[in-house]
Amino acid sequence: MARKIFCMFVAAAWTAILFPFAVLASFVRGGDSWVTRRLWSPVLVWAGGGQLVVHGLENVDPKRPTIYVSNHQSTLDIPVLFMAVPVHFRYVAKSQLAWVPFIGWYLWLAGHIFVNRSNLSGAIESLRAAAQKIRNGTNIFLYPEGTRSPDGRILPFKKGPFALALEARVPICPVTVEGTARIMPKNSWNITPGPVHVKIGKPIDTTGFAENDRAGLARAVRDVIIAQSLELGGRGGDPDNAIAASGIEGLSTPPPSAA
């Protein structure tokens, strides 16, 4: 209970204190990323008792526009990944996050991309905006599961984000987070300190996929993330239930052989 109260207090106070500095820094390219990576994120991870270990940093190329795709275990993933991936990037996040005090406001003001999944035309426009940022040299980070996993297993992936990758034709780096679900499970502030491992996989060349093969690209990326999860001692995921059902988070469509 003491750790829970301490973590909640630190997260709220430190986020409020740094909010104006992050907003001001967002007017300088990379400035807000420096604030979130070097000042905000380490304190939140420390307050939660996380000990971060990063694997695969050699696969990060700051000179190459890249889409980073990660599994999603916990709210703690946000500061963990700001620390683990040392490049200036913009998140693609669900629109509800924009209403979260300070964090959501900062993401909106700093130009991160929000997607309203209940509005198809609006979601398409948001992904087009993200594609334009990539063409301008910005790295993009997204969670294709669409929600946090309730048990650490990797959920089916939504196909929409991979349309962005196929349009932009830039590499995708699969990123696997393992350990944040034990520290702070979904929908809980019950904190259990422990190690957090992040593995950044080798970039996947999207030019080898047909321009409409969103499912094929999603499966290829998800297979790597599952393999990395198992390497890190995680629970992996079902390789057959790879693609999320339309409009539903966490549930899959039948695999091609069962259709």
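Heads up: the structure comes first, above all this text.
Since this is a predicted model, take the numbers as computed values, not measurements. (Residues numbered from 1 in each chain as written. Predicted model: local features only at pLDDT ≥ 70, side-chain atom pairs only at ≥ 80, totals over all residues. Heavy atoms only, no water.)

A. A look at the overall build of the chain. When you go through the chain residue by residue, the secondary structure sums to eight helices and seven strands. The C-alpha radius of gyration computed for the chain amounts to 17 Å, which stays within 12% of the reference 18 Å derived for 259 residues, consistent with globular compactness. C-alpha extents for the chain along the principal axes are approximately 50 × 40 × 35 Å. The burial tally for the chain puts 51% of its 259 residues in the buried class. (Helix = DSSP H or I, 4+ residues; strand = E, 2+ residues; numbered from the N terminus. Rg over C-alpha atoms; globule rule 2.2 N^0.38 Å. Buried < 20%, exposed > 50% of the residue type's maximum accessible area, 1.4 Å probe, protein only.)

B. Quick peek at the pattern of salt bridges. Counted by the stated rule, this structure contains four salt bridges. With its nearest N and O atoms 3.1 Å apart, the salt bridge here joins Glu-178 to Arg-182. (Salt bridge = Lys/Arg side-chain N within 4 Å of Asp/Glu carboxyl O.)

C. Summary view of the sheet that holds strand 3 (residues 89-94). Spatially, 1-7-6-2-5-3-4 is the arrangement adopted by the seven strands of the open sheet, whose pairing is mixed. Since the sheet does not close on itself, it has two edges, and those belong to strand 1 (50-55) and strand 4 (113-115), each with one partner. When strand polarity is set aside, the average angle formed by the axes of neighbouring strands in this sheet is 20 degrees. Here strand 6 (residues 172-178) pairs with strand 7 (residues 194-200) via four bridges, running antiparallel. Paired with Glu-178 across the strands is His-197, a residue of strand 7. Contacts from helix 3 (residues 77-84) reach strand 1, strand 2 (67-70), strand 3, strand 5 (139-142), strand 6 and strand 7, with the element oriented near 160 degrees to strand 3. (Pairing = 2+ DSSP bridges. Axes fitted to C-alpha atoms, helices over the stretch in contact; angles between N-to-C directions. Contact = heavy atoms within 4.5 Å.)

D. Local environment of the packing of aromatic side chains. According to the stated counting rule, one finds 14 aromatic pairs in the structure shown. Ring centres of Tyr-68 and Phe-141 lie 5.9 Å apart, and the angle between their planes is 20 degrees; this geometry places the pair in the stacked category. With Tyr-68 in strand 2 and Phe-141 in strand 5, this residue pair connects regions lying 73 residues apart in the sequence. Here Phe-89 and Phe-141 contribute two aromatic rings whose centre-to-centre distance is 5.0 Å and whose plane-to-plane angle is 45 degrees, an arrangement assigned as tilted. (Phe/Tyr/Trp six-rings, centres within 6.5 Å; stacked < 30°, edge-to-face > 60°.)

E. Quick look at unusual backbone geometry. For Arg-169, which is not glycine, the phi torsion reads 55 degrees and is therefore positive. For Arg-169, the position within the fold is in the loop between helix 6 (160-168) and strand 6. One non-glycine residue, Asn-187, adopts positive backbone phi at about 60 degrees. Take Asn-187: its relative accessible area is 65%, and that puts it in the exposed class.

F. A look at the packing of helix 6 against helix 8 (residues 214-231). Contact geometry for helix 6 and helix 8: axes closest at 9 Å, N-to-C directions at 100 degrees. By the angle between their axes, helix 6 is roughly perpendicular relative to helix 8. Here Gly-160, Phe-162, Ala-163, Ala-165 and Leu-166 of helix 6 come into contact with helix 8, specifically with Arg-214, Leu-217, Ala-218 and Val-221. Taken together, the residues of the contact of helix 6 with helix 8 sort by class into seven nonpolar, one polar and one charged. (Parallel < 35°, antiparallel > 145°, perpendicular 65-115°, else oblique. Nonpolar A, V, L, I, M, F, W, Y, C, P; charged D, E, K, R; others polar.)

G. Representation of the pairing of strand 5 within the structure. A two-sided burial pattern is seen for strand 5, the buried positions comprising Asn-139 and Phe-141 on one face and Ile-140 and Leu-142 on the other. Two strands pair when backbone bridges link them, and strand 3 and strand 5 are joined in this way by four bridges, in the parallel orientation. Across the sheet, residue Phe-89 finds its bridge partner in strand 5, namely Asn-139.

H. Here's a closer look at the nonpolar core. Of all hydrophobic cores here, the largest spans 31 residues; its most connected members are Tyr-68, Leu-81, Val-85, Tyr-91, Phe-141 and Val-198. Among the elements of the structure, helix 1 (2-25), helix 2 (31-47), helix 3, strand 3, strand 6 and strand 7 are those that each provide at least two residues to this core. Considering each element in turn, this core owes the most residues, five residues, to helix 3. Counting residues in each nonpolar core, the second largest holds 29 residues, with Ile-140, Phe-162, Phe-209 and Ile-226 among its members. (Core = buried A, V, L, I, M, F, W, Y, C linked by side-chain atoms within 4.5 Å.)

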